[in-house]
Protein chains: 2
Amino acid sequence: MNLAEQIRDIVDFPKKGIVFKDITTLMARPEALREAVDALCAPFRDQRIDKIACMESRGFIFGAPMAIELGAGMVPLRKPGKLPAETVSASYELEYGTDSLEMHVDAVSEGETVLIVDDLLATGGTASAAIELVETRGGIVEALVFLVELAFLDGRAKLGDRMVHSVIRYGEE
Amino acid sequence: MNLAEQIRDIVDFPKKGIVFKDITTLMARPEALREAVDALCAPFRDQRIDKIACMESRGFIFGAPMAIELGAGMVPLRKPGKLPAETVSASYELEYGTDSLEMHVDAVSEGETVLIVDDLLATGGTASAAIELVETRGGIVEALVFLVELAFLDGRAKLGDRMVHSVIRYGEE
């Protein structure tokens, strides 16, 4: 199946001039959802992965099935104030201002291997905050994994030399 | 495994006097996460389920693996303004004021069988809004499925005579 064909473009969302990649049409088709999760997991099947750390809230949609598929635990990375126990926090730049992401301090232990998972790699801001959270607690980021990569925004530049695995890529040179 | 033992209590979150059931400790353990999804799916394995409709954002954590496990599509029910295409909306009561939930109009078709999935059944407000969204589009709500039910809040009273399946129940008479 061509997974890219399962995604629809929504013009001018969330604001004028932006073409939003709507993945809900992919999610609604059982075979497409299954194939997307398989493709996300593929490079890691023979590796020990302890934790899948994934971003609220679309990251949860792919992170949870990946955790089950790979026999890993799932760690939610959330907006400020959502996680109930003690957290660490990392901030990242937005177009105007900054935002931040939180993780429970006991969610990742020293030496654990971690995949960071989200639906989309755009400018890489959220992903680099996620790296900071995992590494602050001694976790080892094995790779960053995305269903969709907007390659023309060059988010990879913010992720150092870490492995990036994306299933659908738009706008490559 | 006793899944209830994998959940931790956080006292006074999100505000004084409330004991929050923190499921992140369950999610962090691969065997517990796997067993939770198995238990959520158990009653529906021999049934045709077309769609899993699940609430942002913790509902995604269980709804996505259930969709894959049961061979269904996944439909996200989101806070206002998050879904990019045309939506239907249903509002529900909060302690003070109201909130609402949205679903894409084309996410559920006439006659499709649907499970509504969330992490928690409390007062049942969100769940009854979810029922309204699915039924407005002609979907058939086969059951409402929750990892945790706070039975002392009697959320079931808002869900009519529909089947409710919850894996962990607190405060039963």
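Cut-offs used in this document
- Residue positions are given per chain, counted from 1 along the sequence in the order it is written.
- Numbering of ligands from 1 and lettering of chains from A proceed in the order in which they are written.
- In view of the model being predicted, local features appear only for residues whose pLDDT reaches at least 70, and side-chain atom pairs are presented and counted only at 80 or more, with totals across whole chains, interfaces and linings using the full set of residues.
- With hydrogens and water excluded, all non-hydrogen atoms of the structure serve as input to the side-chain values.
- Paired strands, as defined in this entry, are two strands with at least two bridges between them according to DSSP.
- Where helices and strands are cited, they refer to DSSP runs of H or I of at least four residues and of E of at least two residues respectively, numbered from the N terminus.
- Lines fitted to C-alpha atoms define the axes, with helix axes restricted to the stretch in contact, and inter-axis angles between N-to-C directions lie between 0 and 180 degrees.
- Contacts are residue-level and defined by heavy atoms, with any inter-residue pair within 4.5 Å sufficient.
- Values of pLDDT, which run from 0 to 100, indicate the predictor's confidence residue by residue.
- Only protein chains enter the calculation, and the probe is 1.4 Å; a residue is then buried if its accessible area is under 20% of its type maximum, exposed if over 50%, and partly exposed in between.
- Buried area adds together the accessible area that both of two parts lose upon being put together, with accessible area traced by a 1.4 Å probe.
- Note on definitions: salt bridges are taken to be side-chain nitrogens of Lys or Arg within 4 Å of carboxyl oxygens of Asp or Glu.
- Here the copies are superposed with least squares, the fitted atoms being C-alpha atoms of residues at a pLDDT of at least 70 in both.

K.L.:
It is not clear to me how the sheet that holds strand β3 (residues 51–55) of chain A should be interpreted in this structure. Could you clarify?
P.N.:
In any sheet, the strands associate via hydrogen bonds between backbone groups, in a parallel or an antiparallel arrangement. All names here are of chain A. Reading across the sheet, the 5 strands line up as β4-β3-β7-β8-β9 and stay open at both edges, with parallel pairing between neighbours. Each end of this open sheet is capped by a strand with a single partner; those strands are β4 (73–77) and β9 (164–170). On average, each strand axis in the sheet is inclined to that of its neighbour by 20°, with strand direction left out of account. Both β3 and β4 contribute to a ladder of 5 bridges, which runs parallel. Its bridge partner lying in β4, M55 is registered against L77. Contacts between helix α3 (residues 58–70) and the sheet are confined to β3, β4, β7 (113–121) and β8 (140–150), with β7 contributing the most and set at about 145° to the helix.

K.L.:
Could you clarify how one ought to interpret the confidence of the model for chain A in this entry?
P.N.:
Where the model shows low pLDDT, its predicted coordinates should not be examined in detail. Residues of chain A with pLDDT of at least 70 account for 99%, and the chain-wide mean is 96. Model confidence for the complex: the whole-complex pTM is 0.97, and ipTM, which rates the interface, is 0.96.

K.L.:
Which parts of the structure should I look at to understand the side chain of H104 of chain A?
P.N.:
You can see H104 of chain A is positioned in strand β6 (residues 98–104). Of the residues examined, H104 of chain A reaches a relative accessible area of 3% and is grouped as buried. H104 of chain A has contacts with L83, P84, A85, E86 and T87 of chain A together with R8, D22 and T24 of chain B, leaving out every residue within four places of it along the chain.

K.L.:
What should I look at first to understand the sheet that holds strand β3 (residues 51–55) of chain B in this one?
P.N.:
Residues and elements named next belong to chain B. With respect to topology, 5 strands assemble into an open sheet ordered β4-β3-β7-β8-β9, the strand pairing being parallel. At either end of the open sheet lies a strand with only one pairing partner, and these are β4 (73–77) and β9 (164–170). With direction set aside, neighbouring strand axes in the sheet form an average angle of 20°. Bridging between strand β8 (residues 140–150) and β9 involves 6 bridges; their strand directions are parallel. Each bridged residue has a counterpart across the sheet, and for F146 the counterpart in β9 is S166. The sheet strands contacting helix α3 (residues 58–70) are β3, β4, β7 (113–121) and β8, and the helix crosses β7 at an angle near 145°.

K.L.:
Looking at this model, I keep getting lost on the interface of chain B and chain A. Mind explaining?
P.N.:
Interfaces are often sized by the accessible area lost when the parts come together. Contact residues are listed per partner, giving 35 residues for chain B and 35 residues for chain A. Between chain B and chain A the total buried area reaches about 2800 Å² when both faces are included, carbon and sulfur atoms providing 67% of it. Counting the contacts that link chain B with chain A gives 2 salt bridges. The closest approach of N and O atoms between D106 of chain A and R8 of chain B, which form a salt bridge, is 2.7 Å.

K.L.:
Please clarify how the relation of the copies chain B and chain A should be interpreted in this entry.
P.N.:
What relates the pair of chain copies is a rotation about an axis plus a shift along that axis. For the pair chain B and chain A, the superposition axis carries a translation of 0.0 Å, the fit reaches an RMSD of 0.0 Å, and the rotation angle comes to 180°. Seen this way, the second copy is the image of the first under a two-fold rotation axis. When each C-alpha of chain B is compared by its distance to the rotation axis, P65 of chain B comes out closest, at 2.4 Å. Mapped onto chain A, 100% of the interface residues of chain B again fall at the interface, so both copies present the same surface.

K.L.:
It is not clear to me how the pattern of salt bridges should be interpreted in this structure. Could you clarify?
P.N.:
Two side chains of opposite charge can pair, provided their charged atoms sit close to one another. All names here are of chain A. In total, this model carries 34 salt bridges over all chains according to the counting rule given. In this structure, R34 and E69 form a salt bridge, with 3.3 Å as the shortest nitrogen-oxygen distance. Within this pair, whereas R34 is found in helix α2 (residues 30–41), its partner E69 is found in helix α3, the two being separated by 35 residues in sequence. Residue classification places R34 among the partly exposed positions, given a relative accessible area of 29%. According to the relative accessible area criterion, E69 is partly exposed, its value standing at 31%. Measuring nitrogen to oxygen at the nearest pair gives 3.0 Å for the salt bridge that ties K51 to E112.

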